[in-house]
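# Working through the structure, step by step
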Amino acid sequence: MFDEAQKEFDKSVRTMAENSLLKKLNKQGLQRVDLSDEKFNELLLDEIEILKADGKKVGAGVGIGIVLSLITGGIF
């Protein structure tokens, strides 16, 4: 069950990274066909790492916010 959830999560991250990368390429006036598969995959892996790093930052921020709320009595 956990393996399926991880695979689905990885697939979702890859899809988001592909969409983000294609948008960035379009802003620069490039199309997917302008890049070799090797170069596109390299850029895609970089974009996946960016998304993961951003996710960790958001998670840390949420965690800190919850802890501060508990300490100050904001939630309950």
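Quick note: structure is the one above.
Thresholds applied
- Residues numbered from 1 in each chain as written.
- Predicted model: local features only at pLDDT ≥ 70, side-chain atom pairs only at ≥ 80, totals over all residues.
- Heavy atoms only, no water.
- Helix = DSSP H or I, 4+ residues; strand = E, 2+ residues; numbered from the N terminus.
- Rg over C-alpha atoms; globule rule 2.2 N^0.38 Å.
- Buried < 20%, exposed > 50% of the residue type's maximum accessible area, 1.4 Å probe, protein only.
- Areas by Shrake-Rupley, 256 points an atom, 1.4 Å probe, with all protein chains shown as cover.
- Lys, Arg positive; Asp, Glu negative; His and termini not counted.
- Charge placed at Lys NZ, Arg CZ, Asp CG, Glu CD.
- Expected span 1.5 Å × (residues − 1).
- Contact = heavy atoms within 4.5 Å.
- Patch = residues over 30% accessible without salt bridge, like charges linked within 9 Å, V, L, I, M, F, W, Y side chains within 5 Å.
- Salt bridge = Lys/Arg side-chain N within 4 Å of Asp/Glu carboxyl O.
- Core = buried A, V, L, I, M, F, W, Y, C linked by side-chain atoms within 4.5 Å.

## A look at the overall build of the protein chain
The helix and strand inventory of the protein chain stands at two helices and zero strands. Taken over the C-alpha trace, the protein chain has a radius of gyration of 18 Å; the compact-globule value for 76 residues is 11 Å, which it surpasses by more than 25%. Along the three orthogonal principal directions, the C-alpha set of the protein chain runs to about 55 × 35 × 15 Å. Counting over 76 residues, the protein chain shows a buried share of 12%. Counting every atom, the protein chain has about 6,200 Å² of accessible surface; 61% of that belongs to carbon and sulfur. A distance of 4 Å separates the average location of the 11 positive side-chain charges in the protein chain from that of its 13 negative side-chain charges.

## What to know about helix α2 (residues 37-72)
Its 36 residues place the ends of α2 52 Å apart at the C-alpha level, agreeing with the 52 Å of an ideal helix rising 1.5 Å per residue. Of all the positions in α2, only Phe40, Leu44, Glu47 and Ile48 are classed as buried. Buried residues along α2 sit against α1 (2-27). At the exit of α2 stands Gly73, carrying a positive phi of roughly 80°.

## With respect to a nonpolar patch on the surface
Nonpolar side chains collect at one region of the surface, where Val58, Val62, Ile66 and Leu70 lie side by side and expose about 350 Å² of accessible area between them. Tracing the backbone through its elements, the reader meets Val58 in helix α2.

## Regarding the nonpolar core
Val13, Ala17, Leu21, Leu25, Leu35, Phe40, Leu44 and Ile48 form the largest nonpolar core, which has eight residues in total. Secondary-structure elements contributing two or more residues to this core are α1 and α2. If one sorts the elements of this core by residue count, α1 sits on top with four residues. With sequence-adjacent residues up to four places away left out, Ile48 is seen in contact with Val13, Arg14 and Ala17.

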